[in-house]
Amino acid sequence: MKKWVLVVLCCLFLTGCAAAPVFETIADEWQEDLPASAGEIQLELPPDAAVLTDSGTGKALYFCDDYCFSVQILPGGDRDATLREVTGFEADQLTLVETAQGTQKREDFVWTCAGEGQEQLFRGCILDDGLYHYVLLAQTDADSASSVQGDWERLFQSFWVV
């Protein structure tokens with residue numbers, strides 16, 4: 001009799017060890033959690049730069065003697081959409097120079113277009129950390145291109161995201 005009681009008690013205790021059923025749920029939308037904030041842009045500003053910040057778009061516009069440049073942060077993911085937004089061109093219409101800057105992908109590009117009085121020269125750079133696109137764009141008159149080349153080189157070399 002004692003053996004039967006022991007067997008019944010063991011069976012009762014072991015039934016609680018059965019694996020719980022696994023259920024899978026399906027949602028209509030996948031919501032990816034993004035970091036609370038984007039990285040911080042580090043940039044060496046020219047001494048004569050005056051800034052105009054638009055807090056609504058998060059875009060900062062800087063004016064210098066012979067050129068202007070802007071810095072902005074856009075949602076990452078679709079690089080072609082970012083290029084279209086900042087340049088007005090499709091990716092296959094631009095020559096992109098892709099390099100790595102630390103763990104981030106960097107793409108540099110230039111283009112020209114007609115301006116109000118004369119041709120305008122633009123240079124741009126996009127840093128991609130996988131979640132955000134950090135964009136630096138510079139613009140000048142084509143006649144001033146040679147005089148601002150050194151300033152632009154320092155500006156674009158100092159463009160980092162931490």
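This text goes with the structure placed above it.
Quick caveat: nothing in here was measured; it's all calculated off a predicted structure.

Cut-offs and rules
Residues numbered from 1 in each chain as written. Predicted model: local features only at pLDDT ≥ 70, side-chain atom pairs only at ≥ 80, totals over all residues. Heavy atoms only, no water. Helix = DSSP H or I, 4+ residues; strand = E, 2+ residues; numbered from the N terminus. Buried < 20%, exposed > 50% of the residue type's maximum accessible area, 1.4 Å probe, protein only. Arc of directions from axis to C-beta. Contact = heavy atoms within 4.5 Å. Polar contact = N/O pair within 3.5 Å; in protein donor to acceptor, adjacent residues only side chain to side chain. Salt bridge = Lys/Arg side-chain N within 4 Å of Asp/Glu carboxyl O.

Let us look at the overall build of the protein chain. A count of helices and strands for the protein chain gives 3 helices and 9 strands. Ordered by position from N to C terminus, the α and β elements of the protein chain give α-β-β-β-β-α-β-β-β-β-α-β. Considering the protein chain as a whole, with its 162 residues, one finds that 31% of them fall into the buried category.

Moving on, we come to helix H2 (residues 79–87). Along H2, the residues that are buried comprise Thr82, Leu83, Val86 and Thr87. Looking straight down H2, one finds that the buried residues subtend no more than 100° of arc, so they occupy a single side. In this structure, the buried residues of H2 make contact with strand E4 (67–75), strand E6 (104–114), strand E7 (119–128) and strand E8 (132–141). Among the residues of H2, the N-terminal cap falls to aspartate 78, whose side-chain oxygen and the backbone nitrogen of aspartate 80 are separated by 3.3 Å. Looking one or two places after H2, you find glycine 88, whose phi comes out positive at around 85°.

Applying the stated rule across the entire model yields 6 salt bridges. When the shortest N-O distance is used, the salt bridge between arginine 79 and glutamate 107 registers 2.9 Å. Placement of the pair is arginine 79 in helix H2 and glutamate 107 in strand E6, with a sequence separation of 28 residues. The closest approach of N and O atoms between arginine 106 and aspartate 108, which form a salt bridge, is 2.9 Å. For arginine 106, a relative accessible area of 9% puts it in the buried group. Via salt bridges that share partners, Arg79, Asp80 and Glu107 belong to a single interconnected network.

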